[in-house]
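Residue-level structural notes
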Amino acid sequence: MSMDYYQPEVLINEDEIAKRVNALGKEITQDYANEEVVLICVLKGAYVFCADLMRKINLPVRLEFVSCSSYGDGLYSSGRVKVEMDVTGPIENCHVIIVEDIVDTGLTIKNLVELIQLKSPKSLKLASLLYKPSRTRHETKIDYLAFEIDDKFVVGYGLDYAGRYRELPYIGFLNAGH
Ligand code: PRP
């Protein structure tokens, strides 16, 4: 193991994650009762959550991906989000669920919801693995939320720090300075 690798502390373990993902899958299955749903996975962080969640949804599911980046001049955020990679399949008149790993300030999801609405889905909901209420700047309704967390720097289960830790099977946090 390299010298600068810090082992994150466990915040939410594998079993706890699996239970919540299972429950959300059941809820979605009931809510859409035999209708097809389109999951839009927001890369990269959400892909682990999305992969597990879709296998707990007992409905016809189509999978789409988007990739976003917020842009500014480096000193302050412009408050806008750019779609780097858009969906490729049809969305119009479909039941769509955006799948995020974390809603932090809410900027990404606010912009993304607006952009997906332009594609005229039949319905649009949001699923998120994590939500940090203490950081909210843009209010967002999360229809399917796995966990609300404190303002910790979380990694694992898809979430990264500088590209690392996405492969961890649990949600961990890095202590200040790491
Ligand atoms: C993270 C996360 C959300 C966004 C949340 O993405 O996946 O999309 O930030 O932050 P916000 O609510 O303040 O907008 P990130 O830019 O880290 O990309 P990644 O998923 O590819 O790691």
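Residues numbered from 1 in each chain as written. Predicted model: local features only at pLDDT ≥ 70, side-chain atom pairs only at ≥ 80, totals over all residues. Heavy atoms only, no water.

With respect to a nonpolar patch on the surface
Short version of the rule: Here, patches come from residues exposed beyond 30% relative accessible area and free of salt bridges, joined within 9 Å for like charges and within 5 Å for nonpolar side chains (Val, Leu, Ile, Met, Phe, Trp, Tyr). Residue burial considers only the protein chains on display, and all accessible areas are found by Shrake-Rupley using a 1.4 Å probe. Whenever Lys or Arg places a side-chain nitrogen within 4 Å of a carboxyl oxygen from Asp or Glu, that contact is recorded as a salt bridge. By definition, any uninterrupted DSSP run of H or I lasting at least four residues is a helix, any uninterrupted run of E lasting at least two residues is a strand, and each is numbered from the N terminus. Think of it in three bands: with a 1.4 Å probe and only protein chains considered, a residue is buried below 20% of the maximum accessible area for its type, exposed above 50%, and partly exposed in between.
Together, Tyr-47, Leu-63, Phe-65 and Met-85 line one region of the surface with nonpolar side chains, adding up to about 360 Å² of accessible area. Structurally, Leu-63 can be placed in strand S3 (residues 61-72). On the accessibility criterion, Leu-63 (35% relative accessible area) is partly exposed.

Side note on the pairing of strand S6 (residues 123-131)
For clarity, the threshold we go by: Here the rule is simple: two strands pair whenever DSSP picks up at least two bridges between them.
Where strand S5 (residues 95-103) and S6 come together, eight bridges link them in parallel fashion. When the sheet's bridge partners are listed, Ile-97 is paired in S6 with Lys-125. Relative to strand S7 (residues 144-148), S6 runs parallel, the two sharing four bridges. Note on S7: the bridge partner recorded for Tyr-131 is Glu-148.

Comments concerning unusual backbone geometry
Backbone torsion omega between Leu-43 and Lys-44 reads -5°, so that peptide bond is classified as cis. Mapping Lys-44 onto the fold places it in the loop between strand S2 (37-43) and helix H2 (47-54). Here the phi dihedral of Tyr-157 falls at roughly 50°; this positive angle occurs in a residue that is not glycine. Among the structural elements, Tyr-157 can be located in the loop between strand S8 (154-155) and strand S9 (171-173).

Here's the deal with the sheet that holds S8
Spatially, the three strands line up as an open sheet ordered S1-S9-S8, and their pairing is antiparallel. At either margin of the open sheet sits one strand with a lone partner, and together these are strand S1 (9-12) and S8. Inspection of the sheet shows S1 paired to S9 by three bridges, in the antiparallel sense. Bridge assignment links Ile-12 to a residue of S9, and that residue is Ile-171.

A look at the packing of aromatic side chains
Stated formally: Classification of ring pairs rests on two measures: the distance between centres of Phe, Tyr or Trp rings, Trp counted by its six-membered ring, which must be within 6.5 Å, and the angle between planes, read as stacked under 30 degrees, edge-to-face over 60 and tilted in between. Placement of a charge over a ring requires the Lys NZ or Arg CZ to be within 6 Å of the ring centre, with the centre-to-atom vector within 35 degrees of the ring normal.
Considering all chains together, one arrives at one aromatic pair under this definition. Geometry around Phe-173 places Lys-152 over its ring, the cationic atom sitting 5.0 Å from the centre.

Overview of the site of the ligand
Filter applied, for reference: Each residue is tested against the molecule or strand, and it is near if at least one of its non-hydrogen atoms lies within 4 Å. Any pair of nitrogen or oxygen atoms within 3.5 Å is treated as a polar contact; in protein, a donor-acceptor pairing is required on top of that, and neighbouring residues in sequence qualify only through side-chain atoms on both sides.
In the neighbourhood of the ligand, 14 residues make up the surrounding shell, with Glu-100, Asp-101, Thr-105, Gly-106 and Thr-108 lying closest. A distance of 2.5 Å separates an oxygen atom of the ligand from a polar atom in the side chain of Thr-105. One nitrogen or oxygen atom from the main chain of Gly-106 is found 2.7 Å from an oxygen atom belonging to the ligand. Burial of the ligand by the surrounding chains reaches 72%, relative to a free accessible area of 510 Å². Only S5 and helix H3 (107-117) provide two or more residues apiece to the shell around the ligand.

Structural notes on helix H1 (residues 14-32)
Each α-helix turn comprises 3.6 residues. Residues three or four places apart therefore point the same way. The cut-off we apply is this: How far a helix is expected to stretch is found by multiplying one less than its residue total by 1.5 Å. Arc definition: it is the arc formed by the directions from the helix axis to the C-beta atoms.
A rise of 1.5 Å per residue sets the reference length of H1, with its 19 residues, at 27 Å; its end C-alpha atoms lie 27 Å apart and thus fit the reference within 8%. Listed as buried for H1 are Ile-17, Val-21, Leu-24, Gly-25, Ile-28, Thr-29 and Tyr-32. End-on, the buried residues of H1 take up no more than an arc of 140°, which puts them together on one face. With respect to the buried face of H1, the exposed residues turned more than 90 degrees away are Asp-15, Lys-19, Lys-26 and Gln-30.

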